[in-house]
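# Observations on the three-dimensional arrangement
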Amino acid sequence: MSDREELRKKLRCKINSKRHTGDDVVARMKSDPATTMLAMGLDDPHILKNAKSIVRNPHSFLKHATNTTTDAEQATDEEEEAPPPV
């Protein structure tokens, strides 16, 4: 291989690595979702604990999360006290 062909191959590899940066995040998310979520700024322990199941089946997690927030809202509504009598 001539020097010119080697340089061309090296340049092609460098350009391709810069173009395909999004695939790296997807691969990291599949291999180690908790670390990737921490790198993204998610620091909720409940989410990090269930990171693998969230990646595997996000729809069930969203369904469970909406049910949890609805239950929490209902609990706070029930706990509110009536205003004092005048």
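Residues numbered from 1 in each chain as written. Predicted model: local features only at pLDDT ≥ 70, side-chain atom pairs only at ≥ 80, totals over all residues. Heavy atoms only, no water.

## Structural notes on the overall build of the chain
In terms of helices and strands, the chain carries six helices and zero strands. Overall, the chain shows an N-to-C arrangement of helices and strands of α-α-α-α-α-α. Across the 86 residues of the chain, 9% fall into the buried class. Carbon and sulfur atoms form 56% of the exposed surface of the chain, whose accessible area is close to 7800 Å². (Helix = DSSP H or I, 4+ residues; strand = E, 2+ residues; numbered from the N terminus. Buried < 20%, exposed > 50% of the residue type's maximum accessible area, 1.4 Å probe, protein only. Areas by Shrake-Rupley, 256 points an atom, 1.4 Å probe, with all protein chains shown as cover.)

## Re the environment of alanine 65
Within the element layout of this structure, alanine 65 appears in helix H6 (residues 58-79). In this structure alanine 65 comes out as partly exposed when scored by relative accessible area, which is 25%. Note: C-alpha distance between alanine 65 and isoleucine 47 (18 residues apart in sequence) is 10.0 Å.

## Focus: the confidence of the model for the chain
Predicted confidence across the chain gives a mean pLDDT of 80, with 77% of residues reaching 70 or more. Across the chain, the secondary-structure element scoring lowest on mean pLDDT is H6, at 72, and the one scoring highest is helix H5 (residues 51-56), at 90. (pLDDT = per-residue confidence, 0-100.)

## A few points about helix H3 (residues 33-40)
Inspection of H3 places Pro33, Thr36 and Met37 among the buried residues, and these make up the whole buried set. Buried residues of H3 fall within an arc of 100° about the axis and therefore sit on the same side. Just downstream of H3, glycine 41 is the residue with a positive phi angle, here 105°. (Arc of directions from axis to C-beta.)

## Things to note about the side chain of threonine 36
Turning to its location among the elements, threonine 36 is positioned in helix H3. On the basis of relative accessibility, which here comes to 7%, the residue threonine 36 falls in the buried class. A distance of 3.2 Å separates a polar side-chain atom of threonine 36 from the backbone oxygen of arginine 28. Those residues in contact with threonine 36, other than ones at most four positions away along the chain, are Val25, Arg28 and Met29. (Polar contact = N/O pair within 3.5 Å; in protein donor to acceptor, adjacent residues only side chain to side chain. Contact = heavy atoms within 4.5 Å.)

## Examining the environment of serine 53
Mapping serine 53 onto the fold places it in helix H5. Taking the C-alpha atoms as reference points, serine 53 and proline 33, 20 residues apart in sequence, are found 9.4 Å from one another. A polar contact is formed between the side chain of serine 53 and the backbone oxygen of asparagine 50, at a distance of 2.9 Å.

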